[in-house]
Amino acid sequence: MDSRELTLEELEKKKKKEEKAREKELKKQKAAQKAAAAKLQPATGSKSDKKKNVKREVEEENPEDYVDPETPLGEKKKLSRQMAKTYNPNAVENSWYEWWEKSKFFEADSKSSKPPFAIVLPPPNVTGALHIGHALTAAIEDTIIRWRRMSGYNTLWLPSMDHAGIATQVVVEKKLKRERQLTRHDLGREGFVAEVWKWKNEYGGTILRQLRRLGASLDWSRECFTMDEKRSAAVTEAFVRLHKEGLIYRDIRLVNWDCTLRTAISDIEVDYIEIKERTPLSVPGYDDPVEFGVLTSFAYPLEEGLGEIVVATTRVETMLGDTAIAVHPEDPRYSCLHGKFAVHPFNGRKLPIVCDSILVDMNFGTGAVKITPAHDPNDFEVGKRHNLEFINIITDDGKINSNGGPGFAGMPRFKARVAVIEALKDKGLYRGDQNNEMRLGLCSRNNEVIEPLIKPQWYVNCKNMAQQGLDAVIDDKNPKIEIIPKQYAAEWQRWLENIRDWCISRQLWWGHRVPAWYVMLENDKLKEIGAYHDQWVVARNEEEALEEANKLFAGKNFQLFQDPDVLDTWFSSGLFPSSVLGWPDDTDDFKAFYPTSVLETGHDILFFWVARMVMLGMKLGGDVPFSKVYLHPMVRDAHGRKMSKSLGNVIDPLEVINGVTLENLHKRLEEGNFNPNELKTAKEGQKKDFPKGIPECGADALRFALVSYTAQSDKINLDIQRVVGYRQWCNKLWNAIRFAMTKLGDDYTPPAEFDPAAMPFSCKWILSVLNKAISKTVLSLDSYEFSDAATALYSWWQFQLCDVFIEVIKPYFAGQDPTFASERKFAQDTLWLCLDYGLRLLHPFMPFVTEELWQRLPSKVDSVRKESIVISEYPSPVESWTNDDVELEMDMIESVVKSLRSLRSQLAPNERHERRAAFVRCRTTDACAIIKRHELEITTLASVSSLNVLSESDDVPVGCMVDVVNEALSVFLKQTGSVNVEAELEKLRKKTEDTQKQYDSLKKKTSASGYQEKVPVHIREVDETKLASLLQELLSFKEATVHLERENSKS
């Protein structure tokens, strides 16, 4: 918006403020007159009675009339007798949700004949609290589900909660340590799991309660938890079936190992940080920082006195587990060493020199690479290719084990790093170190440095399932799933074409226990669980396991031990949405709602969750789990930075909804685990972004802002001021309804039928543009263009209903002029119709304020209105409302009004509010007729005292400012002082110059060789029309210039 428009807004505000002041003064005068009249009446009561009567007359308003009475929990909200004068989000959003929920408006019916529409809420962690990403998910999904519910669908939005294995175990372990100085090992597995359930029942699920505050219309009667009885049975069934088909198997492979949690973790739980040079970092369990970003070089002695071979590593402690050295087969420096051996300096182990062109880059470093197959993913593959020995040197808790040798066994791994370097120096094999750029993997839960370890784990063979999932999306002829936005289909293809088998076991105590039992035979030499690879049985329970073991080991004595590991959390959530609909049972919900309609989630878990749901859904559920995938952007701060506690830019949705002071924002930081420098940085960030805290915005404004942001591709740069702007817009809606209630009156009843043909011009116009807003909104929602839908609604409410229609009908209600009786009635009916349709259109985006305002609207004659806007009908276009001719006329009116307002904004500040005479010069008969017909609309919207229509031959009165509207129209505004002719002429010169450039450019294009032959007819016609229009504008500018020069000569 440019400065001239801003000035105009200030002008409008000032004008309205003055009008309100005049109305207020008039009311006071009337009240005083009534009080004076009361004094002249004969005394019929006591002196105190007289005072009370006078006071009652003067004080026309009772403040309590504007306050909502208290509503008992779950009952329909009791509204105040009078609408509050300003919008208060806290008051408006109070009580409605409890009534909606109690009234079962959100509950789906599996037996319904309506078409089904189902969404499963991505399950938030049981440990979680509402963050801005959850708010975005809820805002989008609730918009979809409310729209579909109002559009006649049997809607199901199913809430669930994830047990969050690692996150929950960490939370409870910290709680035990803090409150009782105990570890999980002190309680034992059974006691610890009982403690977690106790915590879950007491504290878990906070986020689901917070979602109610956002207005999320979830079917709470179907709420489920990934570890409840039914979901646990589904997990077991899935494991058993996949194992029977050979798709789940046990193998020894390299995993991401957390030495503090003592478990394998998934790739998504690993955060990578970029280290540019030597950098000390704090590591859990170490008092002193540990250096990373250092490349250490050392020499291995070669056998047979052949000298030495130098290698380099960022993890020198792993050399204790080296079993080979790799060189490139074509590297001439090492051709004489092919098939030879190096000797380990600490244990004498012979290390073969192997040739590997896949791993080794002969131009990097010395061209020789140390190989530790048991502790590095690349080395692991080299070990398999060359059949090397795999030696594990690190314990589960991150210490060097006996394989590391007596000089290092028992040392924490990073202390061993220092000890190994000293030992190499002692042997004269240390060759120095240097800065090295590297990526370091940290556990996202506790910042532990990830250690690659070889472990026996359970895996899912994903190859064939991945191919099915890939075909479901990229099949040109019959795709079963559409990914929105489309660009993520390429990422889908990249992930699934390069998929690896999925490690699904975790060394935790909280989670779904692996349904596998180890059969330990009486005569086994090794008495450890898992010692023999072929002695596992998979079953639904111990009874089935015993039966299976008896078949496999008939006549032998054995004991059964269930695998102590639990399953990856993603395995249970990967069974969504089938498991939450009742699978493996063929339930009514499963039959009615599977496959679901759409999955809405963040693009960051496209592979980790979405792809796995598709693979498991197609394999176990018999079909794709949903037909569409909508991936929303990631929310960043206003500066485009990732939200981080250390930056102090994390936004809590509830603080936006309820408001928060800067002091309380700082207080939240102080309660976190920040070091002094981090705390200072975070506070400075908050002070810069929120110098006065965050004002109370309400859930509706936050939701609308988040949905309107979704056009920003893969990131949302969330500016709280935009949310504040939508909160102010809610006030605009509020005032529109207040205005309507005063104009409709207490006894107004909407007609049963509406006939647009009989209505005045402004009513026909607002219904026509409303029709287009309906079409655009529905089309945008249907194509998942939520930002476009929000924009269409905002534009209609703000720029067409409030800024134009409500203003243009005001003259009909000024007094009770009988000449406007018909227009007044039509205006009332149209206003009611617009508000009814407009609120229902807006409801999916802003549920609270629309319910409150809709409940205040009167009902039609002889019609039973739905109890709530939640279950009312969503508007659809009405063919008879569309009127293109009327819209074209209004476009011309608005152009004239815009030009007149622009002229008025150029007046001195103390003159802008005065109404002045205006003139319109028309150069066509049609334009002249339209302007004459709509003199009332123009004078009202432009706030001018009069409007005179001039033909081309008419002279314009002296002392007018001029503006060219288009080729057919020019406007003039009377000025009390002298016109600054030079300034006006300069403006016209600039406009003429710009228009001349456009004309010359287009003329050159149309005159070019081959234009007539190559350019399609319809484009040539558009160009010809544009040329004629530009030429007419040039003539208009010339005419305006002549007028100003004439003004100049007369002054």
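Being a predicted model, the structure only gives us computed values, none of them experimental.

Colleague: Could you give an account of the packing of aromatic side chains, with specific residues and numbers?
Modeller: Here the structure, examined in full by the defined rule, presents 39 aromatic pairs. A ring pair is formed by phenylalanine 298 and tyrosine 300, whose centres lie 5.1 Å apart and whose planes are at 70°; its orientation type is edge-to-face. Its relative accessible area of 0% is what places phenylalanine 298 among the buried residues. Its relative accessible area of 0% is what places tyrosine 300 among the buried residues. These aromatic residues form a ring-pair network of at least three members: Phe704, Tyr726, Trp729, Tyr794, Phe799 and Phe845. Directly above the aromatic system of tyrosine 153 lies the positively charged group of arginine 148, at a separation of 4.9 Å from the ring centroid. Between the NZ or CZ atom of arginine 612 and the centre of the ring of tryptophan 502, over which it lies, the distance is 4.1 Å.

Colleague: Give a description of the sheet that holds strand 22 (residues 516-521) that names residues and reports values.
Modeller: The antiparallel open sheet is built from 3 strands, whose spatial order is 23-22-24. The sheet terminates laterally at strand 23 (536-538) and strand 24 (558-562), the two strands that pair on one side only. Pairs of neighbouring strands in the sheet enclose a mean axial angle of 30°, with direction left out of account. Of the strands in this sheet, strand 22, strand 23 and strand 24 touch helix 14 (residues 542-552), which is tilted by about 140° from strand 24.

Colleague: With reference to specific residues and values, describe the pattern of salt bridges.
Modeller: Tallying each qualifying case throughout the model produces 62 salt bridges. For glutamate 101, the salt bridge goes to arginine 212, with nearest N and O atoms at 3.1 Å. With glutamate 101 in helix 4 (residues 96-102) and arginine 212 in helix 8 (residues 206-213), this residue pair connects regions lying 111 residues apart in the sequence. Note that lysine 810 is salt-bridged to glutamate 807, the shortest N-O span being 3.2 Å. The exposure class of lysine 810 is partly exposed, given its relative accessible area of 33%. Connected through shared salt-bridge partners, Glu237, Arg241, Arg540 and Glu544 make up one network.

Colleague: I'd like to hear about the packing of helix 23 (residues 761-782) against helix 24 (residues 786-808), residue by residue, with values.
Modeller: At their nearest, the axes of helix 23 and helix 24 sit 8 Å apart, and the two run at 170° to each other. Taken together, the axes of helix 23 and helix 24 lie roughly antiparallel to each other. Across the interface between the two elements, Ser762, Cys763, Trp765, Ile766, Val769, Leu770, Ala773, Lys776, Thr777, Ser780 and Leu781 from helix 23 touch Phe786, Asp788, Ala789, Ala792, Leu793, Trp796, Gln800, Leu801, Val804, Phe805 and Val808 from helix 24. Taken together, the residues of the contact of helix 23 with helix 24 break down into 16 nonpolar, 4 polar and 2 charged.

Colleague: If you had to explain the environment of lysine 370 to someone new, which residues and values would you point to?
Modeller: Along the chain, the position of lysine 370 falls in strand 15 (residues 368-371). Classification of lysine 370 as buried rests on a relative accessible area of 5%. Counting along the chain gives 46 residues from lysine 370 to alanine 324, while the straight-line C-alpha distance between them is 6.3 Å. At 2.9 Å, the side chain of lysine 370 and the side chain of threonine 372 are in polar contact.

Colleague: Please provide a residue-by-residue account of unusual backbone geometry, values included.
Modeller: Residue tryptophan 583 is joined to proline 584 through a cis peptide bond whose omega torsion reads 15°. Its location among the elements puts proline 584 in the loop between helix 15 (569-573) and helix 16 (588-593). Tyrosine 594 connects to proline 595 through a cis peptide bond whose omega is 0°. Residue position: proline 595 is located in the loop between helix 16 and strand 26 (596-602). The backbone of alanine 164 shows a phi angle near 50°, a positive value even though the residue is not glycine.

Colleague: Account for the side chain of threonine 236, naming residues and giving values.
Modeller: Of note, threonine 236 is situated in helix 9 (residues 229-244). For threonine 236, a relative accessible area of 19% translates into the label buried.

Colleague: Can you tell me about the confidence of the model for the protein, naming the residues and giving the values?
Modeller: The predicted model of the protein has a mean per-residue pLDDT of 89, with 93% of residues at 70 or higher. Note that residues 35-48 has pLDDT below 50 and, in this model, 4 contacts with residues that lie over four places away or in other chains. Low pLDDT (under 50) marks residues 50-59, which in the prediction has 7 contacts with non-local residues, meaning those over four places away or in another chain.

Colleague: Tell me about the sheet that holds strand 20 (residues 502-503), and please be specific about residues and values.
Modeller: Here 4 strands make up an open sheet; going across it, the order is 6-5-18-20 and the pairing antiparallel. This sheet does not close on itself; its edge strands, each paired only once, are strand 6 (263-265) and strand 20.

Colleague: Explain the environment of alanine 814 residue by residue, including any values.
Modeller: For alanine 814, the position within the fold is in the loop between helix 25 (810-813) and helix 26 (821-842). Given the relative accessible area of 54%, alanine 814 is considered exposed. A C-alpha to C-alpha distance of 9.9 Å links alanine 814 and arginine 824, two positions 10 residues apart in sequence.

Colleague: Explain helix 29 (residues 925-933) to me, and be specific about the residues and the numbers.
Modeller: Buried within helix 29 we find Ala927, Cys928, Ile930 and Ile931. Down the axis of helix 29, the sector holding all buried residues measures 165°, keeping them to one side. The outward face of helix 29, more than 90 degrees from its buried face, is lined by the exposed residues Thr925, Asp926 and Lys932. The inward-facing, buried residues of helix 29 abut helix 28 (884-905), strand 30 (917-922), helix 30 (935-942), strand 31 (946-950) and strand 33 (969-974).

Colleague: Summarise helix 9; cite the residues concerned and give the values.
Modeller: Over its 16 residues, helix 9 extends 23 Å from the first C-alpha to the last, a length consistent with the 22 Å expected when each residue adds 1.5 Å. The set of residues buried in helix 9 consists of Arg231, Ala234, Val235, Thr236, Glu237, Ala238, Phe239, Val240 and Leu242. At the exit of helix 9 stands glycine 246, carrying a positive phi of roughly 80°.

Rules and cut-offs
Residue numbering note: each chain is counted from 1, following its sequence as written. The model is predicted, so local features are restricted to residues of pLDDT at least 70 and side-chain atom pairs to those at 80 or more, both for listing and for counting; the totals for chains, interfaces and linings are taken over all residues. For side-chain calculations, the full set of non-hydrogen atoms in the structure is used, while hydrogens and water are omitted. The rule is short: rings of Phe, Tyr and Trp, with Trp giving its six-membered ring, pair when the centres are within 6.5 Å, and they are stacked under 30 degrees, edge-to-face over 60, tilted in between. Exposed residues in this analysis have more than 50% of their type's maximum accessible area, buried residues have under 20%, and partly exposed residues fall in between, with area computed by a 1.4 Å probe over protein chains only. Whether a charge sits over a ring depends on NZ of Lys or CZ of Arg being within 6 Å of the ring centre and within 35 degrees of the ring normal. In this scheme, strands are said to pair when DSSP sees at least two bridges between them. In DSSP terms, a helix is any run of H or I states spanning at least four residues, a strand is any run of E spanning at least two, and both are numbered starting from the N terminus. Comment: axis = line fitted to C-alpha atoms, over the contacting stretch for helices; angle = value between 0 and 180 degrees taken between N-to-C directions. Should any heavy atoms of two residues lie within 4.5 Å, those residues are considered in contact. Salt bridge, as used here, is a side-chain nitrogen of Lys or Arg placed within 4 Å of a carboxyl oxygen of Asp or Glu. When an angle is under 35 degrees it counts as roughly parallel; over 145 it counts as roughly antiparallel; between 65 and 115 it counts as roughly perpendicular; any other value is oblique. Residues are sorted three ways: Asp, Glu, Lys and Arg are charged, Ala, Val, Leu, Ile, Met, Phe, Trp, Tyr, Cys and Pro are nonpolar, and all the rest, Gly among them, are polar. Under this definition, polar contacts are N or O atom pairs within 3.5 Å; protein pairs additionally need one hydrogen-donor-capable and one acceptor-capable atom, and for neighbouring residues in sequence, both atoms have to be side-chain atoms. Summary of the metric used: pLDDT quantifies the predictor's per-residue confidence within the range 0 to 100. Directions from the helix axis toward the C-beta atoms define the arc. By this rule, a helix spans an expected 1.5 Å times one less than how many residues it contains.

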